[in-house]
Every structure is written in C-alpha cells, then in structure tokens.
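Summary of structural features
Spelled out from the first residue to the last, the chains are:
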Amino acid sequence: MAAGIVGAGIAGLSAAIALRRAGLEVEVYERSEFKNEIGAAISTPPNATAALRRWGFDFVAAQTVPNLSTRYAAAEDLGTVSESRYEDIEDVMGSPCLSFHRVDLHGGLRALATEEGVEGKGKPVAIHLGCEVLSVDCENGVLELAGGRRVRKDLIIIADGAHSKLLADFLGYQAPVQPTGRSIYRWLVSMDEVMADPELATQYRDELPGFLGWFDAQKHILWVTYTCRGGTVLNNAVVHDTAAPQNKEGAGNEKDISWHALAATDTVLATLSNFHPAARQIVSMASEDGIIEHRLFHRPPLESFVRGRTAVIGDTAHVMMPTHAAGAAIAIESASVLEVLFRDVESQSRNATGGEEAFDVEKEHIIKERLRLFDKLRIPRCNLTMIVSNAGPEGLHRPGLEQEIRRFYHGPLPPSDALPWSDEFREVLFHHDASLEAEQALRNGTSAKENGKDS
Ligand SMILES: Cc1cc2nc3c(=O)[nH]c(=O)nc-3n(C[C@H](O)[C@H](O)[C@H](O)COP(=O)(O)OP(=O)(O)OC[C@H]3O[C@@H](n4cnc5c(N)ncnc54)[C@H](O)[C@@H]3O)c2cc1C
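Taking an unreviewed UniProt entry as the reference, the protein is identified by name as FAD-binding domain-containing protein belonging to Xylaria bambusicola. Here is the UniProt Pathway (unreviewed entry) comment for the protein, exactly as written: "Secondary metabolite biosynthesis." The Sequence similarities (unreviewed entry) field of the UniProt record for the protein holds the comment "Belongs to the paxM FAD-dependent monooxygenase family."

If you want it as structure tokens, here you go:
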C-alpha cells in the first residue's frame, strides 16, 4: 500500500514515520531544499513526546532540555507573579515535556523517516526535495507535481502548512489564513552570554528549566524564554500587536505585510520599551540569524479533516496561536493515530476473496473507513487545542468560546479562569494517549462490525 505526503515539516515527517511503521511505502514531496530550516526552539508536551519515544526518537542526540515549570513575571521589575511547577509530569502523564532546537527535532524526525535497515520499522521513506505539489485530487488520490508528472497513491496526507495552497483543492473553496493582529519576534542567544549578566543570571540560576514569561500588561506583550540544546541556547519569543505599515493616505493594512521578515533591533527595543533594562539587553545578544518577526494567523475550524483518500494534518488542518505551544504536538499526536489505523489495512484487504480487483475494492473501502475513524478521533482533540490556543490568555472567559468548543469536543474543560499551561490546562490538553484511544476505537469498530452494527 502506498502513501504520498505533501510537505516535510514536523507534521509531514511525523506522518511519514507513522505510516512507514504501519508498513506503507511512503513518498514525501517537499517544495523546499531544506535550506531555509527555521531556527528557534519548540517544546513538546507529553502527548507528543510519548509518540516520539515510541518511534525511537534520539532525545540524547537532540540535546533536549526538560520543561518542568511555567513562571510569569512582570516586565518592569522581572519579579515573579505566578509559577506552576510540574517536576513530576513524566510520572503523572507517562512521558516528559521537552524543549528542542527546531533544527534538532526536524533532523531527528528526518532520520527516523529515512534510516535504512531497521527491523520492524518498514521501508525507508523517500523524501523528494525541491518537489512542489501543484494540485491534489483528493477523491482519487492523485498528486500533480511541478513539471507535470502525476502520481497516484492509496492514501494522501496534506501537510503543507498554515499557508497551504492545497487546502483549496481539499475543501473545494479558498480558505486563506486571516491575520490575528498579533505578531511574534523570535531569536536565539547564547546562554553563556545571558548568565554573564548578574541581573539576568538571577532569572535562571536555581530555577527549574521551563517557560519564563515576562509580561507587559500595558502594551499587551508577552516575552517567553526557555532553553534548548542542553541548556546552552536561550530561545526568545515576544508576542505583540502587529504594527501595520502606513500607506500614502496614512492608513495601515496588515494584509500588505509579508508573513515573516528580519526585524531591526531598534524596532524590537521600541516595542519592548516597558521591559526592565536587563531583559532588553537580550535583544542585542541575538545570534547571527538575527531577530525574525512572524505574523500570527488563524483560520476557522474545519468541520472535517478527511475527503476521499485524503487527510489534512498539522497547520494545514489547524493553524493556531502559540498560547499553549501545542500546534506541532497535536500534529505528532495525529500522526501516531495514523500509525494505529493503517497498520493492518493491507492484510485486512487480502481477506477479500475474488482476486486483485476484489482486493483493490476492499482496500479502498477500508482506507475510507479508517479515514472516517481518523476524523472522528482527531476533530475533537485538534479543534479543542486550536480554539483554546486562538483565544489567547483570556481563554474560556472569551464570550462564546465554550459554545464554539462544544461544537466539536464534549470532554472535560479547565475552569474558566485557568491560565495557559496551568495544571488544569495541561491535564486536558496534554494528558492524553491518542495511540491508545485509536487502538480502542479500532477494536470497538471491529467488534461493532462483527456484531452487524455500523461502526
Ligand atoms: C512562535 C511559534 C511558536 C510555536 N511553539 C510551539 C511549541 O513550542 N510546541 C508546539 O507543539 N508547537 C509550536 N508551534 C506550532 C508549530 O510550530 C507548528 O504547528 C508546526 O511547526 C507546523 O508544522 P507543519 O508541518 O504542519 O507545517 P510547516 O512547518 O509549515 O511545514 C509545511 C511544509 O510543507 C512544504 N510545502 C508547502 N507547500 C508545498 C507544496 N505545494 N508542495 C510541497 N511542499 C510544500 C513547506 O516547504 C514546508 O516544509 C509554534 C508556532 C509558532 C508560530
């Protein structure tokens, strides 16, 4: 059985690993040459780390740093306002919460997808770089590649990111992302340089590793820092209101600005005018990659992630604000579900009697059935995570938010005053074994079928 995946970001590579392990022949089509690998760091909560661990991800080579606390402090004096510690997160949830340099997470995933000769992990994935997919026929599983070649697959996964062009083929209409009015500055600095400053050192020395967020309530800015690469690199992410460029008439239009660009140090410092001088020094410590400003976007929740032989995953399916640092995590979770659902499709199809034709008909039937189950499992989890992330720190206080969530998800919710990454939010968003849930759903579906009921 053959799968074609569009995009080799975290979602596409995770799906490739999962489907390889399920025994499929997998080809990934990636537009870029991987030369533009995005810097900065990323944190994976237990719901994602569990899958990485099962896949044999090399956490030592990736020099991960445990994430064990979330501390909020005031911008003007850097004094701690609240702290949530979770040193026992691995004991409670079964897997750790870890921070990575993005390049190391991406590199580790790529190695897992492509490594040769590993027993029980299926055939290595073929990744075609510099290979743009121009269109997709979701019903028939056909990808049109740049240059005009068409490839037909049993299963297609679209993972071409937030600015997906193929989503229009999937939905049958255009659904571009919308600006949120918020942007983020991201940059990395050497932790040695940070710790050389006595005032800054007090922010990190003797503290648990994890998120440290300085907030400026007046200008509505949150500056989150955490370490990666064995604690040697400090990741910085400053979420702030987007300053729209002025046109000749003096009016701003956010749609005119590109979605990521190098930011000038002076502009960043002007944004951070209310922050303590010690913190502001981190701006001039930026590594040679400089400070990149990214616009933050959103898209209304999708009602379904599947169509015909095709599923959408990752930011294509659910682009979200980084409030809960959960976008990649929920994509890894989705990939782990694909592994469970597609493990036995080939062997199940072989049970059909009547030769190759009957086999193909049965295979198509099972693929579509499994994709429907994928949708049933993933829509509630992914849309919940996206909706609460896009609500920002206001969370469940936001009018109408709970009703919006209840259109898709009917499980427990945190209390309305819960802060991002609080105990209550972690419990709902990150204490979840998607793989186990999929195993159970598959078993229930199979036994319902055996009993003559519709699954
Ligand atoms: C500031 C910030 C911080 C975040 N922090 C966290 C965090 O700590 N934890 C977390 O879990 N998540 C976090 N996220 C979310 C996370 O970064 C994203 O959810 C994740 O990277 C999305 O991965 P993706 O593979 O879906 O998309 P992308 O990374 O965008 O990958 C899409 C790929 O598809 C390729 N492509 C596009 N079009 C085509 C085409 N037509 N043909 C072929 N290839 C194509 C692109 O070149 C690209 O390689 C954060 C997001 C932001 C903005």
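There's more to say after this.
**Overview of the overall build of the protein**
For the protein, the count of helices and strands is 15 helices and 20 strands. Its C-alpha atoms give the protein a radius of gyration of 23 Å, near enough to 23 Å, the size a compact globule of 455 residues would have. Projected onto its principal axes, the C-alpha positions of the protein cover 75 × 55 × 50 Å. Taking all contacts inside the protein whose residues are at least 6 apart in sequence as the whole, residues at least 24 apart take part in 72%. Looking at the protein as shown, the accessible area adds up to about 19,800 Å², and 49% of this sits on carbon and sulfur atoms. One finds the centroid of the 45 positive side-chain charges in the protein at a distance of 5 Å from the centroid of its 64 negative side-chain charges.

**Points about the packing of helix H1 (residues 10-21) against helix H10 (residues 327-342)**
To characterise two packed helices, one gives the angle between the axes of the helices and the distance between these axes. Between H1 and H10, the least distance of the axes is 8 Å, while the angle of their chain directions is 20°. Considered as vectors, H1 and H10 are oriented roughly parallel to each other. When you trace H1 past H10, the crossing you get is right-handed. Seen from H1, the contacting residues are Ile10, Ala11, Ser14, Ala15, Ala18, Leu19 and Arg21; seen from H10, they are Ala328, Ala331, Ile332, Ala335, Leu338, Glu339 and Phe342. For the contact of H1 with H10, a count of residues per class yields 11 nonpolar, 1 polar and 2 charged.

**Overview of the site of the ligand**
Close to the ligand lie 29 residues; Glu30, Ser43, Arg102, Asp315 and Ala329 are nearest. Measuring from a nitrogen atom of the ligand, one finds a backbone N or O atom of arginine 31 at 3.0 Å. Residue glycine 327 places a main-chain N or O atom 3.3 Å away from a nitrogen atom belonging to the ligand. Within the complex, 85% of the 1,000 Å² of free accessible area of the ligand lies under protein. Listing elements by their share of the shell around the ligand, those giving two or more residues are H1, strand S2 (25-30), strand S3 (41-44), strand S13 (178-190) and H10. With 3 residues, the single largest contributor to the shell around the ligand is H10. Partitioning the shell around the ligand into residue classes produces 16 nonpolar, 6 polar and 7 charged. Here the shell around the ligand spans two domains, and each of domain 1 (2-63 + 96-176 + 300-450) and domain 2 (178-298) adds at least three residues to it.

**Notes on the packing of helix H12 (residues 355-390) against helix H14 (residues 423-430)**
Look at H12 against H14: their axes get within 10 Å of each other, and the N-to-C directions meet at 150°. When the axis of H12 is compared with that of H14, the two are roughly antiparallel. Between H12 and H14, the residues in contact are Arg381, Leu384, Thr385 and Val388 and Phe425, Val428 and Leu429, respectively. For the contact of H12 with H14, a count of residues per class yields 5 nonpolar, 1 polar and 1 charged.

**Focus on empty space enclosed by the protein**
In this structure the tally under the stated criterion is 1 cavity of 30 Å³ or more. The space that makes up the largest cavity amounts to roughly 40 Å³. In this structure, the largest cavity is lined by Asn47, Ala50, Ala51, Arg54, Ile332, Glu333, Ser336, His432, Asp433, Ala434 and Ser435. Looking at the lining of the largest cavity, its residues break down into 4 nonpolar, 4 polar and 3 charged.

**Focus: the environment of leucine 419**
Mapping leucine 419 onto the fold places it in the loop between helix H13 (401-406) and H14. Spatially, the C-alpha atoms of leucine 419 and threonine 242 are 23 Å apart, while their sequence positions differ by 177 residues. Discounting chain neighbours no more than four positions away, the residues touching leucine 419 are Tyr72, Ser82 and Phe425.

**Re the nonpolar core**
Among the nonpolar cores identified, the biggest contains 110 residues, and Leu19 and Phe342 are the most heavily contacted of them. Examining the composition of this core, we find that 12 residues originate from one element, H12, more than from any other. Looking at which domains feed residues into this core, each of domain 1 (2-63 + 96-176 + 300-450) and domain 2 (178-298) supplies at least three. Apart from the residues within four sequence positions on either side, phenylalanine 342 is in contact with Met1, Leu19, Ala22, Leu24, Leu155, Ile367, Arg370 and Leu371.

**Quick look at the side chain of glutamate 339**
With respect to the element layout, glutamate 339 can be found in helix H10. For glutamate 339, a relative accessible area of 5% corresponds to the buried category. When residues no more than four places from it in sequence are discounted, the contact partners of glutamate 339 are Ala18, Arg21, Ala22 and Trp55.

**Here's the deal with the domain arrangement of the protein**
A common way to express how large an interface is: the accessible area buried when the components associate. Per the domain assignment, the segments of the protein are domain 1 (2-63 + 96-176 + 300-450) and domain 2 (178-298). One C-alpha centre belongs to domain 1, the other to domain 2; they are set 29 Å apart. Listed as interface residues are 20 residues of domain 1 and, on the opposing side, 17 residues of domain 2. A combined buried area of about 1,700 Å² lies between domain 1 and domain 2, and 65% of that area is made up of carbon and sulfur atoms. The three residues of domain 1 that bury the most area against domain 2 are His101, His163 and Met321, which together make up 28% of that side's buried surface. A salt bridge links aspartate 104 to arginine 229, with the nearest nitrogen and oxygen atoms 2.8 Å apart. For the pair domain 1 and domain 2, the interface holds 7 residue pairs in polar contact (both at pLDDT 80 or more). Secondary-structure elements contributing two or more residues to the side of domain 1 that touches domain 2 are S3, strand S7 (98-101) and helix H4 (102-114).

Definitions and cut-offs
- Residues numbered from 1 in each chain as written.
- Predicted model: local features only at pLDDT ≥ 70, side-chain atom pairs only at ≥ 80, totals over all residues.
- Heavy atoms only, no water.
- UniProt positions renumbered as here; feature names shortened; annotations may be inferred.
- Helix = DSSP H or I, 4+ residues; strand = E, 2+ residues; numbered from the N terminus.
- Rg over C-alpha atoms; globule rule 2.2 N^0.38 Å.
- Contact = heavy atoms within 4.5 Å.
- Areas by Shrake-Rupley, 256 points an atom, 1.4 Å probe, with all protein chains shown as cover.
- Lys, Arg positive; Asp, Glu negative; His and termini not counted.
- Charge placed at Lys NZ, Arg CZ, Asp CG, Glu CD.
- Axes fitted to C-alpha atoms, helices over the stretch in contact; angles between N-to-C directions.
- Parallel < 35°, antiparallel > 145°, perpendicular 65-115°, else oblique.
- Left-handed = near helix turned anticlockwise from the far one by under 90°.
- Nonpolar A, V, L, I, M, F, W, Y, C, P; charged D, E, K, R; others polar.
- Near = heavy atom within 4 Å.
- Polar contact = N/O pair within 3.5 Å; in protein donor to acceptor, adjacent residues only side chain to side chain.
- Domains from an automatic or database assignment.
- 1 Å grid on protein atoms, 1.4 Å probe; cavity = no way out; pocket = protein on both sides within 12 Å on 5 of 7 lines; lining within 4 Å.
- Points joined across faces, edges and corners; volume = space filled by probe spheres on them.
- Core = buried A, V, L, I, M, F, W, Y, C linked by side-chain atoms within 4.5 Å.
- Buried < 20%, exposed > 50% of the residue type's maximum accessible area, 1.4 Å probe, protein only.
- Buried area = accessible area lost by both parts, 1.4 Å probe.
- Salt bridge = Lys/Arg side-chain N within 4 Å of Asp/Glu carboxyl O.

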